Amino acid sequence: MSLWSSDSNRPPRVAIVGGGPGGLFTAWHLERLAATPLSLTIFEATSRLGGKVCTASFTAADVRYEAGAAELYDYSPVGHDPLKDLVRQVGLPMVSLGGSVVFVAGRPIANLDDIVEAYGEEARRELTSFDIRARSGITPAEFYGSGSDHVADAAAGGRFAAMLDGISCRKARRYVDVMIHSDLATEVGETNCGYGLQNYLMNDPAYMRLYCIAGGNEQLMHAITARLAAQVRLGTVVTEVAGGPEETLRLCLRAGDNLQVEEFDVVILALPIDAFKRVRFAGTTLADAMRRHVEHHDHPAHYLRVSVLLDRPVPSLPGDDAYLMLDAFGGTCLYVESARDPCGSHGVLGWLLGGAAAVEMAVLSDEALVAAVLGSLPAPLAACRDHVVESRVHRWTGAVSALPGGWVRRPADLRHRPSPVHRGLFVVGDYLYDSTLNGVFDSAEHVADWVTAESLGARLSARATPFIKPTEASH
Ligand SMILES: Cc1cc2nc3c(=O)[nH]c(=O)nc-3n(C[C@H](O)[C@H](O)[C@H](O)COP(=O)(O)OP(=O)(O)OC[C@H]3O[C@@H](n4cnc5c(N)ncnc54)[C@H](O)[C@@H]3O)c2cc1C
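Quantities reported herein were computed from a predicted structural model and do not represent experimental measurements.

**Here we look at the overall build of the chain**
- Helix and strand counts for the chain stand at 17 helices and 21 strands.
- The principal-axis extent of the C-alpha atoms belonging to the chain is close to 75 × 50 × 40 Å.
- Looking at the 475 residues of the chain, the share that counts as buried comes to 59%.
- A fraction of 75% describes how many contacts in the chain between residues 6 or more apart in sequence connect residues 24 or more apart.
- A total accessible area of about 18300 Å² is found for the chain, and carbon and sulfur atoms account for 53% of it.

Given below as structure tokens:
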């Protein structure tokens, strides 16, 4: 059954709620898949598009830094990488990012030889055996398909803490903790095995590589927006979704003091879980379905970013690494931002704090935070402390998911259409997959394929057969 009457003279009205990557990717896919014109509107609460992909600039010098998402995951060595294809298609240059050094107690550890020298032979044995267990838990091909149900079920198996407890050497365990926590928005032991392993294995180039967009990741958001026909309504908050089964959906909108209600055939909620809590869902069936959706996926995780501008370049790291991992704050990633985006006589360092440390430290003043992160600099970079000209803090408390998919992944259809009787209502989000841009891209493609296939009878690719998990294996 079609989502809207095909004999109607007007084009189908589609609302995308949220102008972050999820909303923009959905619009991108929909406009390319739809066989007939759409009346597509993107509602964004703030005054800018891009959500948590946010490339900001300092004021003391025209130098950029990433305030949100820092890196994109490159799966092309393992299989088709549609996000990387998109970056290429819109003509944006990419920069590979590398980093292998973990500083623990001030000591750089980059390989097994360093482990033996620092912690001894037993630590090497334990880490090797953990590494073998991790690799046999998820192969590169399974990692690539990490949104799919069979991988989730096989690897999710219980808390990651239990797997880490297999490392009895305290120092070896600390090294693994720091390495994983440096990219994680939650505590290492608190997530499930599947997600914990993914965050361990992502450090291995056989599984995936990292890259960013030269000149700032937000350029991808601008490049997509420039190619969209959709109407974009900035500063417009969706406060309520209403509509009975099989009815058109009504959105209550607030733009400044202006309140209005508009009707749509399809509504796609491209919001992170914390934003759902500020939207009212009217009607018992819809409200219940959305409450269950939120409860299932409500595993808040936290980041905090501190960036500092230096009046001189950052000394090069071994192998020209773009980041290193520190044991401060339970494990933090220190980006040499100016390695990815050279800025002449200046330098930029950026810390990504995650999990409990990000929450605890979010209450501190910016000055206190900057002092704390500068105190964490390892010896090779310690002199940077005397060259700070400006600093910026971005708090992302509760903004991401600690347990994408939840403890037990819901069936793909229910995941993206939480109320089956509200056939025009879909959700898109990274929290359904792996808390990354690649994940939200896959989620957007899944919904766009589905809406298009079901409602428009559009050009269907073999992959886009409705209801058969179109993009589950494409990640
Ligand atoms: C510090 C940090 C670092 C990260 N690093 C990486 C990384 O290195 N690699 C990676 O792949 N991912 C990373 N991520 C995750 C990545 O940013 C997310 O996967 C991505 O932003 C999710 O996109 P989204 O559109 O679902 O949500 P968002 O980016 O949060 O966008 C949602 C949009 O919806 C808008 N909105 C909210 N409520 C309403 C409403 N009621 N009405 C209208 N609009 C509304 C918001 O203003 C926002 O613009 C990071 C995230 C953070 C916070």
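Resuming the write-up.
**A word on the packing of helix α4 (residues 121–137) against helix α9 (residues 193–201)**
- At their nearest, the axes of α4 and α9 sit 10 Å apart, and the two run at 115 degrees to each other. The orientation of α4 relative to α9 falls into the category roughly perpendicular. As α4 packs across α9, the resulting crossing turns out to be left-handed. Packed against α4, whose contacting residues are Phe 130, Asp 131, Ala 134, Arg 135 and Gly 137, the element α9 presents Leu 197, Tyr 200 and Leu 201 at the interface.
- Classifying every residue of the contact of α4 with α9 by side-chain character gives 5 nonpolar, 1 polar and 2 charged.

**Examining the sheet that holds strand β16 (residues 300–310)**
- With mixed pairing, 7 strands are arranged side by side in an open sheet as β8-β7-β17-β18-β19-β16-β20. Looking along the sheet, the strands with just one partner apiece sit at the ends: β8 (107–109) and β20 (388–401). Going from strand to strand, the sheet's axes swing by 20 degrees on average, the running direction of each strand aside.
- Inspection of the sheet shows β16 paired to strand β19 (residues 347–354) by 8 bridges, in the antiparallel sense.

**Concerning α9**
- Judged by how many residues are buried, α9 sits mostly within the fold: 9 of 9 residues are covered.
- Inspection of α9 places Cys 193, Gly 194, Tyr 195, Gly 196, Leu 197, Gln 198, Asn 199, Tyr 200 and Leu 201 among the buried residues, and these make up the whole buried set.

**As for the site of the ligand**
- Gly 22, Glu 44, Glu 71, Asp 430 and Leu 437 are the nearest of the 34 residues found near the ligand.
- Interatomic distance of 2.8 Å between a backbone N/O atom of Gly 22 and an oxygen atom of the ligand.
- At a separation of 3.0 Å, a nitrogen atom of the ligand approaches a polar backbone atom of Ala 45.
- Coverage of the ligand by the protein amounts to 93% of the 990 Å² it exposes when considered alone.
- Residues belonging to the shell around the ligand are distributed by class as follows: 19 nonpolar, 10 polar and 5 charged.

**Comments concerning the pattern of salt bridges**
- A complete count under the given rule lists 23 salt bridges for this structure.
- Note that Asp 177 is salt-bridged to Arg 173, the shortest N-O span being 3.5 Å. Placement of both Asp 177 and Arg 173 in helix α8 (residues 170–181) is noted, with a separation of 4 residues, approximately one turn of the helix.
- Given a relative accessible area of 21%, Arg 173 falls into the partly exposed group.
- Counted as one network, the salt bridges with shared partners bring together Arg 10, Arg 13 and Asp 265.

**Points about the sheet that holds strand β11 (residues 237–242)**
- Strand order in this open sheet of 4 strands is β13-β12-β11-β15, and the pairing throughout is mixed. Among the strands making up the open sheet, the edge pair consists of β13 (258–264) and β15 (280–281).
- In terms of strand pairing, β11 meets β15 through 2 bridges, oriented parallel. Across the sheet, Glu 240 pairs through a bridge with Arg 280, a residue of β15.

**Observations concerning α4**
- Taking 1.5 Å per residue as the helical rise, α4 with its 17 residues ought to reach 24 Å, and the 24 Å between its terminal C-alpha atoms agrees with that figure.
- Of all the residues in α4, the buried ones are Ala 123, Glu 126, Leu 127, Phe 130, Asp 131 and Ala 134. Take α4 and look down its axis: the buried residues cluster within an arc of 135 degrees, on one side only. For α4, the exposed residues set more than 90 degrees away from the buried face come down to Ile 132 and Ser 136.
- Among the structural elements, α3 (112–119), α7 (160–164), α8 and α9 are those in contact with the buried residues of α4.

**Some remarks on the pairing of strand β12 (residues 249–255)**
- The pairing of β11 with β12 spans 5 bridges and is antiparallel. Pairing of Val 237 across the sheet is with Arg 254, part of β12.
- Hairpin connection between β11 and β12: a loop of 6 residues separates the two successive antiparallel strands, and Gly 243 in this loop has a positive phi of roughly 145 degrees.
- Across 7 bridges, β12 lies against β13 in antiparallel orientation. Looking at the pairing, Leu 251 lines up with Glu 262 of β13.

**Some details on the domain arrangement of the chain**
- The domain architecture assigned to the chain consists of domain 1 (13–47 + 234–299 + 404–464) and domain 2 (55–214 + 300–401).
- Taken together, the contacts link 21 residues of domain 1 with 28 residues of domain 2.
- Approximately 2000 Å² of surface area, both sides summed, lies buried where domain 1 meets domain 2, with 59% of it carried by carbon and sulfur atoms.
- At the surface where domain 1 touches domain 2, the tally comes to 0 salt bridges.
- Taken together, the connections running from domain 1 to domain 2 amount to 3 residue pairs in polar contact (both at pLDDT 80 or more).
- Of all the secondary-structure elements, those providing two or more residues to the side of domain 1 that touches domain 2 are α1 (21–33) and α17 (437–456).
- Take the side of domain 1 that touches domain 2: its biggest share by element is 4 residues, from α17.
- In terms of residue class, the side of domain 1 that touches domain 2 is made up of 9 nonpolar, 5 polar and 7 charged.

**Focus on the side chain of Thr 186**
- Among the secondary structure elements, Thr 186 is positioned in the loop between α8 and α9.
- Judged by relative accessible area, Thr 186 falls into the buried class, the value being 8%.
- Discounting residues that sit within four places of it in the chain, Thr 186 has contacts with His 181, Thr 191, Ala 301, Gly 355 and Ala 402.

Reading the values: rules and limits
Residues numbered from 1 in each chain as written. Predicted model: local features only at pLDDT ≥ 70, side-chain atom pairs only at ≥ 80, totals over all residues. Heavy atoms only, no water. Helix = DSSP H or I, 4+ residues; strand = E, 2+ residues; numbered from the N terminus. Buried < 20%, exposed > 50% of the residue type's maximum accessible area, 1.4 Å probe, protein only. Contact = heavy atoms within 4.5 Å. Areas by Shrake-Rupley, 256 points an atom, 1.4 Å probe, with all protein chains shown as cover. Axes fitted to C-alpha atoms, helices over the stretch in contact; angles between N-to-C directions. Parallel < 35°, antiparallel > 145°, perpendicular 65-115°, else oblique. Left-handed = near helix turned anticlockwise from the far one by under 90°. Nonpolar A, V, L, I, M, F, W, Y, C, P; charged D, E, K, R; others polar. Pairing = 2+ DSSP bridges. Near = heavy atom within 4 Å. Polar contact = N/O pair within 3.5 Å; in protein donor to acceptor, adjacent residues only side chain to side chain. Salt bridge = Lys/Arg side-chain N within 4 Å of Asp/Glu carboxyl O. Expected span 1.5 Å × (residues − 1). Arc of directions from axis to C-beta. Domains from an automatic or database assignment. Buried area = accessible area lost by both parts, 1.4 Å probe.

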